[in-house]
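# Architecture and fold: a report
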Amino acid sequence: MRQVYLDNAATTPLLPEIADEMMPYLGKYFANPSCLHDWGDAPREAMENARLQVANLIGARSEEIIFTGSGTESNNFAIKGLAMARQAKGKHVVVSAIEHFSVLHSAKTLEKWGFEVTLVPVDGQGLVDPDAVRQSLRPDTVLVSIMHANSEVGTIQPIAEIARITRENNVLFHTDAVATAGTIPVDVTGLGVDALSLAASQFYGPKGAGALWLKKGVRIMPLLDGGVQEGGRRAGTEDVPAIVGLGKAAQLAAGSLTDRLNRLTSLRDRLLAELPAKIEHVIVTGVALPAQHRLPGHASFCVEFIEGESMLMLLNIQGVAVASGSACTSRALKASHVLIAMGLSHELAQGSILFTLGIDNNHEDVDYVLEVMPPAVDRLRQMSPLYAKFTRTGKGGG
Amino acid sequence: MPIYSEKVMEHFMHPRNVGEIENPDGVGNVGNPVCGDMMSFYIKVKDNRLEDVKFKTFGCGAAIAVSSIVSEMAIGRTLDEARNITAQLVADELEGLPKNKFHCSNLGAEALNNAIDDYLEKKKKQGGEE
């Protein structure tokens, strides 16, 4: 049976050439890069090379890159570390309602530490209004964090516009670029931000390898105390193989960004156009066609009258791996906070389904999804009391 | 999907007794869209026995498997016997349910009970009219 992996937002596969690049650092170059003897040279040089590769991907200087263990760590570090380093100035932080939990829950922790947090709303497409950010600012605001793009609905935010507002008001601006770095062009100067999170596991690198870019001169409170690794800002012996993998992933992404983007966009646009044409009562979540402010490989929908997990299971049986934001698929059994913040009803949000394409996918994969998805939906609708009610009364459709 | 037992997968893939009953003797509804699972059970009663049980379910794989097996466990039972079908029995019959799904998706026994209540109430009303 055909196997189609369409869950690249969860994680991308590790490219074989990246794995190959990492292997020596799991073997003969095992040494601690902090060591002064000869053994430390190769891992240290490889790490600094990776730092430059990551810096080049986002138009930064290599001394501004701090390696972390994940995108989640980068976000925790940015939110807690930047706010705590500025608490003498004020204790107010602004984040959007659709941030990743590593940002939202870090903001919650700040509340426990005496900060106040304002959640900026989004519109029906998941877009943050820069004016809403402006209105949320107070004299004691020390940090704004708005994600570059959302991995559940694919919406790309107007970061440069928001950065103009934070700069005018002398407030630090962090962006979670985990969904964008290595996928679309990311340039820290063009974006105008002060800090940016990224992770290798989203662009064909290994898991356990993230980075926080921090503009030169910006102070941050470390989360991990210990040695002076990463300029004393992130203690702990570095995971050199993972860092080498991140660097290689950054180099490969920088070299093929346009190719990847065009390829993914053409596949995405077919899903966005053809799935709702083939199945009645399907809505696109996020930005619909022409989908400029949308991640290139990202097609997300809500299918009315049925629930996401059962859809996911039927597709899984057909060899298609997807994700859903329904309550049943989350361990917390809550519907996606992103879809609810966008104003979708719980009923509709339960029917969430998310296809995230990768560089291994092709048009035959899309054909296959378009072939197996309609009968799966039909089958679940035949079982659904909501669909029965709709066909009886014509009511309940959205 | 190893979070579910083979039995759950089997009932999810081949659910028994899906549908509605025309002019049912009782209907029972449970759940709401916030929790993510909704079930409607329809029953036909003859000589105090469940002659037929059908269901429609909106929900996850567990919810569909639960509905299917409850319908199977209920058909042919007396009303009192059917009352004894509990969420725990349903989970056992399915060779276990994931912990976090036990409460939210395991609503089949409750829906069946509601349908029996509905039947008895209707009967009482009819009795009063006679």
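Shown above is the structure to which this text applies.
The following paragraphs examine the structure supplied in this document. Please read all numbers here as calculations on a predicted model, not as lab measurements. (Residues numbered from 1 in each chain as written. Chains lettered and ligands numbered in written order. Predicted model: local features only at pLDDT ≥ 70, side-chain atom pairs only at ≥ 80, totals over all residues. Heavy atoms only, no water.)

Across its full length, chain B carries six helices and three strands. Counting from the amino terminus, chain B carries its helices and strands in the arrangement α-β-β-β-α-α-α-α-α. Since a compact globule built from 130 residues should have a radius of gyration of about 14 Å, the 15 Å found for chain B is in line with a globular shape. Taking the principal axes of its C-alpha atoms as reference, chain B extends roughly 55 × 30 × 25 Å. (Helix = DSSP H or I, 4+ residues; strand = E, 2+ residues; numbered from the N terminus. Rg over C-alpha atoms; globule rule 2.2 N^0.38 Å.)

We now examine unusual backbone geometry. Glycine aside, negative phi is the norm for most residues, and most peptide bonds take the trans geometry. Following Leu289 of chain A, the chain continues to Pro290 of chain A via a peptide bond in cis, the omega torsion being -10 degrees. Considering the arrangement of structural elements, one finds Pro290 of chain A in the loop between β9 (282–284) and β10 (298–303). With a phi angle near 50 degrees, Asp47 of chain B is a residue other than glycine that sits in the positive phi range. Within the fold, Asp47 of chain B resides in the loop between β2 (37–46) and β3 (49–58). We note that Asn48 of chain B has phi near 65 degrees; this positive angle belongs to a residue other than glycine. Counting through the fold element by element, Asn48 of chain B comes out in the loop between β2 and β3.

All names here are of chain A. Spatially, β9-β10-β12 is the arrangement adopted by the three strands of the open sheet, whose pairing is antiparallel. In this open sheet, the two strands that pair with only one neighbour each are β9 and β12 (352–356). Each strand of the sheet is rotated relative to its neighbour by a mean of 25 degrees, with strand direction disregarded. As paired elements, β10 and β12 share five bridges and run antiparallel to each other. Paired with Ala299 across the strands is Phe355, a residue of β12. Sheet strands in contact with helix α8 (residues 240–278) are β9, β10 and β12, and its direction is about 15 degrees off that of β10. The strands touched by helix α9 (residues 308–317) within the sheet are β10 and β12, with β12 carrying the most contacts at an inclination of about 45 degrees. (Pairing = 2+ DSSP bridges. Axes fitted to C-alpha atoms, helices over the stretch in contact; angles between N-to-C directions. Contact = heavy atoms within 4.5 Å.)

In summary, soluble globular proteins display a tendency toward joint burial of nonpolar side chains. By size, the foremost hydrophobic cluster in this structure holds 71 residues, and its most contacted members are Phe355 and Met373 of chain A together with Leu112 of chain B. With 10 residues, helix α12 (residues 363–383) of chain A is the largest single contributor of residues to this core. Sequence-distant contacts of Leu112 of chain B, defined by excluding residues within four places in its chain, comprise Phe41, Ile43, Leu50, Val53, Val70, Ala74, Ala82 and Ile85 of chain B. In this structure, Val153, Leu198, Ala242 and Leu348 of chain A belong to the second largest nonpolar core, which totals 63 residues. (Core = buried A, V, L, I, M, F, W, Y, C linked by side-chain atoms within 4.5 Å. Buried < 20%, exposed > 50% of the residue type's maximum accessible area, 1.4 Å probe, protein only.)

Okay, the layout of surface pockets next. Residues and elements named next belong to chain A. Roughly 1,300 Å³ of internal volume is contained in the largest pocket. The wall of the largest pocket is formed by 50 residues, among which Ala9, His100, Phe101, Ser151 and Glu152 lie closest to the centre. Secondary-structure elements contributing two or more residues to the lining of the largest pocket are α3 (71–85), α4 (101–112), α9, β11 (320–321) and α10 (337–341). Partitioning the lining of the largest pocket into residue classes produces 23 nonpolar, 21 polar and six charged. (1 Å grid on protein atoms, 1.4 Å probe; cavity = no way out; pocket = protein on both sides within 12 Å on 5 of 7 lines; lining within 4 Å. Points joined across faces, edges and corners; volume = space filled by probe spheres on them. Nonpolar A, V, L, I, M, F, W, Y, C, P; charged D, E, K, R; others polar.)

Pairing between sheet strands relies on hydrogen bonds along the backbone, with the strands arranged either parallel or antiparallel. Residue and element names in this part refer to chain B. The three strands lie next to each other as β1-β2-β3, forming an open sheet whose pairing is antiparallel. Two strands lie at the open edges of the sheet, namely β1 (26–32) and β3, each paired on one side alone. Strand-to-strand twist in this sheet, taken as the mean axis angle between neighbours without regard to direction, amounts to 15 degrees.

Before going further, it helps to examine helix α2 (residues 61–74) of chain B. Helical geometry: 3.6 residues make up each α-helical turn, so side chains three or four residues apart lie on a common side. Residue and element names in this part refer to chain B. Over its 14 residues, α2 extends 20 Å from the first C-alpha to the last, a length consistent with the 20 Å expected when each residue adds 1.5 Å. Taken across its 14 residues, α2 has 13 buried, putting it largely inside the fold. With its phi angle positive at about 90 degrees, Gly76 sits one or two positions after the end of α2. (Expected span 1.5 Å × (residues − 1).)

Residue and element names in this part refer to chain B. Together, Glu6, Asp92, Glu93 and Glu95 make up a negatively charged patch on the protein surface. Tracing the backbone shows Asp92 in helix α4 (residues 87–93). Judged by relative accessible area, which is 47%, Asp92 ranks as partly exposed. (Patch = residues over 30% accessible without salt bridge, like charges linked within 9 Å, V, L, I, M, F, W, Y side chains within 5 Å. Areas by Shrake-Rupley, 256 points an atom, 1.4 Å probe, with all protein chains shown as cover. Salt bridge = Lys/Arg side-chain N within 4 Å of Asp/Glu carboxyl O. Lys, Arg positive; Asp, Glu negative; His and termini not counted. Charge placed at Lys NZ, Arg CZ, Asp CG, Glu CD.)

This part takes up the pairing of strand β5 (residues 141–145) of chain A. All names here are of chain A. Judged by how many residues are buried, β5 sits mostly within the fold: five of five residues are covered. As judged from the four bridges shared by strand β3 (residues 92–96) and β5, these two strands associate in the parallel manner. If you follow Val94 over to β5, its bridge partner there is Val144. Sheet topology note: the β5/strand β6 (residues 172–176) ladder contains three bridges and is parallel.

Residues and elements named next belong to chain A. Per the stated rule, a full pass over the model turns up three cavities of 30 Å³ or more. One number sums up the size of the largest cavity: a volume of about 240 Å³. If you add up the space inside the second largest cavity, you get close to 40 Å³. Along the walls of the second largest cavity sit Glu152, Thr285, Ser300, Phe301, Leu339, Ser352, Ile353 and Leu354, which together make up its complete lining. Elements that contribute at least two residues to the lining of the second largest cavity include exactly β10 and β12. In terms of residues, the lining of the second largest cavity owes the most to one element, β12, which gives three residues. Considered class by class, the residues forming the lining of the second largest cavity number four nonpolar, three polar and one charged.

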